[in-house]
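So you can see what is in the structure, the chains are spelled out below.
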Amino acid sequence: MNRKLLSLPFIFWSAMFVIVPLCMVFYYGLTDKSGAFTFDNILAIATVEHSKALWEALKLSVISTVICLLLAYPLAMILCNMNVNQNSFLVLIFILPMWMNFLLRTLAWQTLLEKTGVINSILSALHLPSLNIINTPYAIVLGMVYNFLPFMVLPLYNVLVKIDKNVINAAYDLGANGAQTFFRIIFPLSLPGMFSGITMVFVPALTTFVISKILGGSKILLIGNVIEQEFTQTGNWNLGSGLSIVLMLFIIFNMVISVITDKEGEANTL
Amino acid sequence: MKNALVNLVNISKSFDNQMVLDDLNLYIRENEFLTLLGPSGCGKTTTLRILGGFETPDKGQVIFEGRDITNLPPNKRNLNTVFQKYALFPHMTIAENIAFGLKISGKSKSYINDKIKYALKLVNLDGFENRMPDSLSGGQQQRIAIARAIVNEPKLLLLDEPLGALDLKLRQDMQYELIRLKNELGITFIYVTHDQEEALTMSDTIVVMNQGYIQQIGTPESIYNEPENAFVADFIGDSNIIGATMIRDRLVEILGARFDCVDTGFGENKPVDVVIRPEDVELVAPEEGILQGTLIHSIFKGVHYEMEVMANGFEWLVQSTKMVPVGTKVGIKVDPFNIQIMKKPESEDEEAIGVNE
């Protein structure tokens, strides 16, 4: 029997749920309501309303990615230096929230952060000033970091744990101190994991509309929310598809950069 | 010790309540090729890691050039290590790997370039500057690891089973290479291995270790010819180790037969162990032998035949270039000089400590 037959279900799945929808996005994005070819839907990104939403989304996802990286790197290093028992316990603590539904977790943050929510009740009981970050960009960043942090930790942990302990010992042996060993050996060797972590956090953060909707109220519109509204509320599939294509370009751009830098990271020293 | 480069004084170390080294004392002379030899878990690698600064002993001192370096971190020690699996920096070219230590110590560019050229020539890998480590074979990577260590002109080079991952032919070539390097550079080598042949080939001094204790220190010849206890005799080369009784000075009873020997001072009618190397067992006609037996097994090994002779209830391991058919009745003779007498350890603990010294 031809083994290629085994891949048929996957090919069918990809065709039906990836290729066909993608073609439809391009079709709708490049036509107007009457079906005539046009670039208007794509150029619509230039309007103040849309470009502001895109800029806001880029800003918040970059900030979230940077925060995730700063939190995840030390954590991944600590995990690597632990013995297996402690290590698996900490990893468990870390992935435990991921067993819960994404929406549920985000809604939980909403309840926590609300003006009369759990955190503020505790703060006022302690006669401390209340925390008003719900419906602000801060809450959105918090939600993004909370939800996407594991996607940064895991690839980083994977590359760090694979670095031969003797390679690090060799650096010390040749006279390097802790900082020199980190910047010349550990950091460059962790770049592939870092870039895959950045991609895995940045892409979902850039396109999210759920986190911004739940934690940002309706006050802050990210590009994801704009697209969602075009499809579900306004019913303008052409405009929604056009904006999706623009967003896709940003994601592809990010991926290309990470692939290129990744290659350099492996081939180059410093 | 006057010309001792390194002095290990009363070193003890345990991991998880498991004693790895117990009150170890050892000095290493300048320009010596010293090998720590023993089975895995004997404490040889731990000793090396204590010297390199990767472990701190629980007790005791490491004296290097007259200075106590016990608590000095690895990067502050004037010695370098060649690690078991090379441990080259995978993201750097060969030249950058070799330059690493020199760059850290802030040497000039031209000095570094000269050193890279010199080191690559020394290990016979000229022109490899811009290659990446993973494009090199195991043997080549090992040479680079050695080059990376010696460009820093350490007083002492620690080698942790550096040839363990190489195949037999390459390993033999590298052994000669290492002896040549050591003679050219005048660096003291401390070499860790479990391979007795490697130790015999390269070392000036062999330290045989077992269960955290030094069993015997000596030249390859003295370790091989005059093992001090059954462990050393058994670990170094093949040997017949037989329980025997020392009748009086220069006479020992082995398996009921009396052999002349050259050892004295064991007392009269004292139980001892004797070691007889298989190449020292002479097979003669039955009536000429001190013991009589039957040849039960013979294998051709290239240079010699490896045979087993059953005599007085003991299987004698015999190596000889002369073929004897299986089933032949033979006599066994041993030159008195080739019988090595060892005091019998009274308990297992004593055996580990190597009380025969």
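Predicted model, so just to flag it, every value in this text is computed and none were measured. (Residues numbered from 1 in each chain as written. Chains lettered and ligands numbered in written order. Predicted model: local features only at pLDDT ≥ 70, side-chain atom pairs only at ≥ 80, totals over all residues. Heavy atoms only, no water.)

Asks: Whenever I open this one, the overall build of chain B confuses me. Can you help?
Replies: When helices and strands are tallied, chain B shows nine helices and 20 strands. Here chain B holds 357 residues, and 52% of them are scored as buried. Within chain B, contacts between residues separated by at least 24 positions form 65% of all contacts whose residues are at least 6 apart in sequence. Surface accessibility of chain B: about 16,300 Å² in total, with carbon and sulfur atoms responsible for 47%. (Helix = DSSP H or I, 4+ residues; strand = E, 2+ residues; numbered from the N terminus. Buried < 20%, exposed > 50% of the residue type's maximum accessible area, 1.4 Å probe, protein only. Contact = heavy atoms within 4.5 Å. Areas by Shrake-Rupley, 256 points an atom, 1.4 Å probe, with all protein chains shown as cover.)

Asks: I would appreciate a short explanation of the nonpolar core in the present structure.
Replies: Across soluble globular proteins, nonpolar side chains have a tendency to be buried as a group. Counting residues in hydrophobic clusters, the biggest one holds 74 residues, and the most contacted among them are A:Met144, A:Met152, A:Leu156, A:Leu160, A:Ile185, B:Phe89 and B:Phe100. If near-sequence neighbours (up to four positions away) are discounted, A:Leu160 is found in contact with A:Tyr73, A:Ala76, A:Met77, A:Cys80, A:Ile186 and A:Ser190. Among the nonpolar cores identified, the runner-up in size contains 36 residues, and B:Ile98, B:Ala119, B:Leu136 and B:Leu159 belong to it. (Core = buried A, V, L, I, M, F, W, Y, C linked by side-chain atoms within 4.5 Å.)

Asks: Where do I start with the interface of chain A and chain B in this structure?
Replies: With 20 residues of chain A at the contact, the number on the chain B side is 23 residues. Carbon and sulfur atoms make up 63% of the surface buried where chain A meets chain B, a total of about 1,900 Å² over both sides. For the pair chain A and chain B, the interface holds zero salt bridges. Our count for the chain A to chain B interface comes out at five residue pairs in polar contact (both at pLDDT 80 or more). Listed by contribution, the elements that provide at least two residues to the side of chain A that touches chain B are α8 (165-173), α9 (178-207) and α12 (237-267) of chain A. At seven residues, the largest contribution of residues to the side of chain A that touches chain B is made by α8(A). For the side of chain A that touches chain B, the class distribution of residues is ten nonpolar, seven polar and three charged. (Buried area = accessible area lost by both parts, 1.4 Å probe. Salt bridge = Lys/Arg side-chain N within 4 Å of Asp/Glu carboxyl O. Polar contact = N/O pair within 3.5 Å; in protein donor to acceptor, adjacent residues only side chain to side chain. Nonpolar A, V, L, I, M, F, W, Y, C, P; charged D, E, K, R; others polar.)

Asks: Is there a simple way to explain α8(A) in this structure?
Replies: One turn of the α-helix equals 3.6 residues, which is why residues spaced by three or four share an orientation. In terms of burial, α8(A) is largely enclosed, as seven of its nine residues are buried. Residues of α8(A) that are buried: A:Asn166, A:Val167, A:Ile168, A:Asn169, A:Ala170, A:Ala171 and A:Asp173. On the buried face of α8(A), the contacting elements are α9 of chain A together with α1 (44-52), β6 (79-82), α2 (94-104) and α4 (138-150) of chain B. A:Gly175 lies just past α8(A) and shows a positive phi near 105°.

Asks: How should I be thinking about the pattern of salt bridges in this particular structure?
Replies: Opposite charge on two side chains permits pairing when their charged atoms draw close. All names here are of chain B. If you walk through the whole model with that rule in mind, you get 17 salt bridges over all chains. Across the pair Arg-180 and Glu-184 runs a salt bridge, and its minimum N-O distance is 2.9 Å. Of the two residues, Arg-180 and Glu-184 are both situated in helix α5 (residues 168-185); the distance of four residues between them amounts to about one turn of the helix. Overall, Arg-180 belongs to the partly exposed group, its relative accessible area being 29%.

Asks: Looking at this model, I keep getting lost on a nonpolar patch on the surface. Mind explaining?
Replies: Judged by side-chain polarity, A:Phe12, A:Trp13, A:Met16, A:Phe17, A:Val18, A:Ile19, A:Val20 and A:Met24 come together as a nonpolar surface patch covering roughly 830 Å² of accessible area. For A:Phe12, a relative accessible area of 54% translates into the label exposed. (Patch = residues over 30% accessible without salt bridge, like charges linked within 9 Å, V, L, I, M, F, W, Y side chains within 5 Å.)

Asks: Would you mind going over the confidence of the model for chain B with me for this structure?
Replies: Detailed reading of the predicted coordinates is not advisable wherever pLDDT is low. Chain-level statistics for chain B give a pLDDT mean of 90 and a share of 96% at 70 or above. Between the elements of chain B, mean pLDDT differs from a low of 56, seen in helix α9 (residues 348-353) of chain B, to a high of 96, seen in α2(B). (pLDDT = per-residue confidence, 0-100.)

Asks: Any chance you could explain the packing of aromatic side chains here in plain terms?
Replies: The description of an aromatic ring pair rests on the distance of the ring centres and on the angle between the ring planes. Residues and elements named next belong to chain B. For the coordinates displayed, the defined rule picks out 18 aromatic pairs over all chains. The interplanar angle of 50° and the centroid separation of 5.2 Å between the aromatic rings of Phe-300 and Tyr-305 together place this pair among those described as tilted. Judged by its relative accessible area of 55%, Phe-300 falls in the exposed class. Its guanidinium or amino end placed over the ring of Phe-89, Arg-148 lies 4.6 Å from that ring's centre, counting from NZ or CZ. Over the face of the ring belonging to Tyr-224 we find Arg-277, whose NZ or CZ atom lies 4.1 Å from the ring centre. (Phe/Tyr/Trp six-rings, centres within 6.5 Å; stacked < 30°, edge-to-face > 60°. Lys NZ or Arg CZ within 6 Å of the ring centre and 35° of its normal.)

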